[in-house]
Amino acid sequence: MKSVLLVALLACASPFAHAGGHADAGAQKSKVCAACHGADFNTPISPDIPRLAGQHRDYIARALTDYKSGERKNPVMGAQAGALSAQDIEDLAAYIGNLKGTLKVIPEQRLAN
Ligand code: HEC
């Protein structure tokens with residue numbers, strides 16, 4: 001029992017524990033998103049649409065989850081995220097979270113400290 005618990009705890013601590021998304025699948029699913037956020041996710045079509053390239057994977061997944069649940073309210077993104085499954089969200093976050101962009105975020109190494 002103890003070892004099961006330990007394995008579960010270690011799995012949570014691993015940086016890969018939540019990386020259940022598949023970037024290739026995310027790339028396919030992101031085509032609809034690119035219509036607003038830009039093909040490279042760094043050049044949105046309007047200034048009120050955020051850049052996503054360069055953003056952390058877990059931030060993207062959290063934002064989408066919160067739009068879907070209604071925790072974060074926005075009519076446009078609420079409708080977009082409402083149609084996504086948990087797997088879609090992980091896939092999209094895995095893909096978009098890997099893109100390089102001009103967005104300034106705190107580097108992952110510094111967040112870990
Ligand atoms: C019709 C235009 C449109 C489409 C299509 C769209 N978005 Fe958005 N997205 C927006 C707007 C506008 C916002 C800003 C909403 C807000 O103020 O909360 C946003 C915000 C976001 C955010 C939060 C960014 C942040 O900095 O907090 C994420 C993540 C996101 N979109 C991902 C996606 C994904 C993934 C898709 C495809 C499934 C998608 N969007 C499709 C317009 C769009």
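Draft legend 1. Quick peek at helix α4 (residues 57-69). Compared with an ideal rise of 1.5 Å per residue, which puts 13 residues at 18 Å, α4 spans 18 Å between its outermost C-alpha atoms and is within 8% of the ideal. Next to the buried residues of α4 lie α5 (75-82) and α6 (86-96).

Draft legend 2. Up close: the packing of α4 against α5. Put simply, α4 and α5 touch, their axes get as near as 8 Å, and they point 95° apart. The pairing of α4 with α5 is recorded here as roughly perpendicular in orientation. Taken together, the residues of α5 that come into contact with α4 (itself represented by Leu64, Tyr67 and Lys68) are Met77, Gly78, Ala81 and Gly82.

Draft legend 3. Seen up close, the site of the ligand. Neighbouring the ligand are 20 residues, the closest being Cys33, Cys36, His37, Tyr59 and Met77. One of the side-chain nitrogen or oxygen atoms of Tyr59 is found 2.6 Å away from an oxygen atom of the ligand. At 2.9 Å, a side-chain N or O of Arg72 approaches an oxygen atom of the ligand. Those elements that provide at least two residues to the shell around the ligand are α3 (31-37), α4, α5 and α6. For the shell around the ligand, the element with the highest residue contribution is α4, accounting for 5 residues. Considered class by class, the residues forming the shell around the ligand number 15 nonpolar, 3 polar and 2 charged.

Draft legend 4. Representation of the confidence of the model for the chain within the structure. Confidence in the prediction of the chain, expressed as mean pLDDT, is 88, and 82% of residues score 70 or more. Below a pLDDT of 50 lies the segment residues 7-17, which in the model reaches 3 contacts outside its immediate sequence neighbourhood of four places, other chains included.

Draft legend 5. Fine view of the side chain of Asn42. Its location among the elements puts Asn42 in the loop between α3 and α4. Reaching out from Asn42, the side chain makes a polar contact with the backbone nitrogen of Thr102 at a distance of 3.0 Å. Ignoring any residue separated from it by four or fewer positions in sequence, one finds Asn42 in contact with His37, Arg51, Ala53, Gly101, Thr102 and Leu103.

Draft legend 6. Quick look at the nonpolar core. Counting 18 residues, the largest nonpolar core has Phe41, Leu64, Leu84 and Ile96 as the members making the most contacts within it. Secondary-structure elements contributing two or more residues to this core are α3, α4, α5 and α6. For this core, the element with the highest residue contribution is α4, accounting for 5 residues. With residues up to four places along the chain from it excluded, the contact list for Leu84 reads Leu64, Lys68, Ile89 and Leu92.

Draft legend 7. Spatial organisation of the environment of Phe41. Its location among the elements puts Phe41 in the loop between α3 and α4. For Phe41, the residues in contact, after removing those within four places along its chain, are Ser30, Cys33, Ala34, Arg51, Leu52, Ala53, Tyr95, Ile96 and Leu99.

Draft legend 8. View of the coordination of the iron atom of the ligand. Looking at the iron atom of the ligand, the protein donor atoms are His37 (NE2) and Met77 (SD), and they sit 2.0 to 2.2 Å from it. Angles of 86 to 179° at the metal separate the 6 donor atoms of the iron atom of the ligand, which places the site in the octahedral class. Of this pair, His37 sits in helix α3 while Met77 is found in helix α5, placing the two residues 40 residues apart along the sequence. In terms of burial, His37 and Met77 fall into one category: buried.

Calculation notes
Residues numbered from 1 in each chain as written. Predicted model: local features only at pLDDT ≥ 70, side-chain atom pairs only at ≥ 80, totals over all residues. Heavy atoms only, no water. Helix = DSSP H or I, 4+ residues; strand = E, 2+ residues; numbered from the N terminus. Expected span 1.5 Å × (residues − 1). Contact = heavy atoms within 4.5 Å. Axes fitted to C-alpha atoms, helices over the stretch in contact; angles between N-to-C directions. Parallel < 35°, antiparallel > 145°, perpendicular 65-115°, else oblique. Near = heavy atom within 4 Å. Polar contact = N/O pair within 3.5 Å; in protein donor to acceptor, adjacent residues only side chain to side chain. Nonpolar A, V, L, I, M, F, W, Y, C, P; charged D, E, K, R; others polar. pLDDT = per-residue confidence, 0-100. Core = buried A, V, L, I, M, F, W, Y, C linked by side-chain atoms within 4.5 Å. Buried < 20%, exposed > 50% of the residue type's maximum accessible area, 1.4 Å probe, protein only. Donors = N, O, S within 2.8 Å, 3.2 Å for Na, K, Ca; no water. Tetrahedral: all angles 85-135°; square planar, octahedral: opposite > 155°, others 65-115°.

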